[in-house]
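Listed here are the chains, written in short residue letters.
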Amino acid sequence: MNRIFSSILCSLILLTSCDNNDNSKPEISIKEITVNNQITDSDSIEIGNNDTLKVYLELNASLKDINSFTTKFKDVKNYKLEISEFDKNTTRIEGNQIATALDEDCTILFKDGTYKTNVTISTIVRDNDKDSTKLYFYLFSEEETDIKDIEIKLLKQ
């Protein structure tokens, strides 16, 4: 009897250790990037003081639903950042709808059962102290996080 119980216990331990939810990691996909409504290459983003950069994202998770999404700059002082388009039926703004201060973020929370959605990020950067910056994206699910960033060259005008 002990032998049977030990075999079953070992089998359960093996099964649970193998289930590491490889497909549960959320994923941020960049669908399109525009500067002043003109499509631009994600490898060579350049914006001036009054240019509007829009990043169109698709957010996905397969096994665990997505909980929240955050975007932010870490080193820019003079800017406007906003999650400008999102599905209002499955999400709500948490904290700042528009970020304008150093290290401030924009965050949306998702209702339970949200596995896929689209969001649009809009920004204007007026920071002449820098030659470039990065815009960060964070997507959180129940157990995992996906982090992406895009490099932005800041043009002097």
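As the structure is a prediction and not an experimental result, all values here were calculated from the model. (Residues numbered from 1 in each chain as written. Predicted model: local features only at pLDDT ≥ 70, side-chain atom pairs only at ≥ 80, totals over all residues. Heavy atoms only, no water.)

A count of helices and strands for the chain gives 1 helix and 12 strands. Listed by position from the N terminus, the elements making up the chain come as α-β-β-β-β-β-β-β-β-β-β-β-β. Per-residue burial for the chain yields a buried fraction of 39% across its 157 residues. In the chain, once contacts between residues fewer than 6 apart in sequence are set aside, the share between residues at least 24 apart is 69%. As displayed, the chain offers around 9,200 Å² of accessible surface, 46% of which is attributable to carbon and sulfur atoms. (Helix = DSSP H or I, 4+ residues; strand = E, 2+ residues; numbered from the N terminus. Buried < 20%, exposed > 50% of the residue type's maximum accessible area, 1.4 Å probe, protein only. Contact = heavy atoms within 4.5 Å. Areas by Shrake-Rupley, 256 points an atom, 1.4 Å probe, with all protein chains shown as cover.)

If you look at the biggest cluster of nonpolar residues, it comprises 31 residues, and the most contacted ones within it are Phe69 and Ile121. The element that contributes the greatest number of residues to this core is strand E4 (residues 53-60), accounting for 4 residues. (Core = buried A, V, L, I, M, F, W, Y, C linked by side-chain atoms within 4.5 Å.)

Turning our eyes to something else, we now look at unusual backbone geometry. Notably, Asn37 is not glycine yet its phi reads approximately 65 degrees, a positive angle. Tracing the sequence through the fold places Asn37 in the loop between strand E1 (27-35) and strand E2 (38-39). Judged by relative accessible area, which is 62%, Asn37 ranks as exposed. In this structure, Asp103 is a non-glycine residue whose phi angle is positive, near 65 degrees.

This next bit is on the sheet that holds strand E3 (residues 45-47). Here we have 6 strands laid out as an open sheet, ordered E3-E12-E11-E5-E9-E7, and mixed in their pairing. Taken across any chain shown, the strands that pair with only one partner, and hence form the sheet edges, are E3 and strand E7 (91-94). On average, each strand axis in the sheet is tilted by 25 degrees relative to the strand beside it, whichever way the strands run. By the bridge criterion, 5 bridges tie strand E5 (residues 66-73) to strand E9 (residues 105-110) in an arrangement that is antiparallel. Across the sheet, residue Thr71 finds its bridge partner in E9, namely Cys106. (Pairing = 2+ DSSP bridges. Axes fitted to C-alpha atoms, helices over the stretch in contact; angles between N-to-C directions.)

Take the confidence of the model for the chain next. Caution applies to low-pLDDT regions: their predicted coordinates should not be interpreted in detail. For the chain, the average pLDDT comes to 85, and 84% of its residues sit at 70 or higher. In the model, residues 9-21 has pLDDT below 50 throughout and makes 3 contacts with residues more than four positions away in sequence or in other chains. (pLDDT = per-residue confidence, 0-100.)

Taken as a whole and judged by the stated rule, the model has 4 aromatic pairs. For the pair Phe69 and Phe137, a centre-to-centre distance of 6.2 Å together with 20 degrees between the ring planes defines the contact as stacked. With Phe69 in strand E5 and Phe137 in strand E11 (residues 132-141), this residue pair connects regions lying 68 residues apart in the sequence. The buried category is assigned to Phe69, whose relative accessible area is 0%. Judged by relative accessible area, Phe137 falls into the buried class, the value being 0%. The interplanar angle of 10 degrees and the centroid separation of 6.5 Å between the aromatic rings of Tyr138 and Phe140 together place this pair among those described as stacked. When its relative accessible area of 28% is taken as the criterion, Phe140 is described as partly exposed. Ring pairing ties together the aromatic residues Tyr136, Tyr138 and Phe140, which thus form one cluster. In this structure, Lys74 packs its charged tip against the face of Tyr136, placed 4.4 Å from the ring centre. Its guanidinium or amino end placed over the ring of Phe86, Lys88 lies 4.7 Å from that ring's centre, counting from NZ or CZ. (Phe/Tyr/Trp six-rings, centres within 6.5 Å; stacked < 30°, edge-to-face > 60°. Lys NZ or Arg CZ within 6 Å of the ring centre and 35° of its normal.)

Let us now look at the side chain of Ser29. Residue placement: Ser29 occurs in strand E1. We classify Ser29 as buried; its relative accessible area is 17%. Excluding residues within four positions of it along the chain, Ser29 makes contact with Tyr56, Leu57, Glu58 and Asn60.

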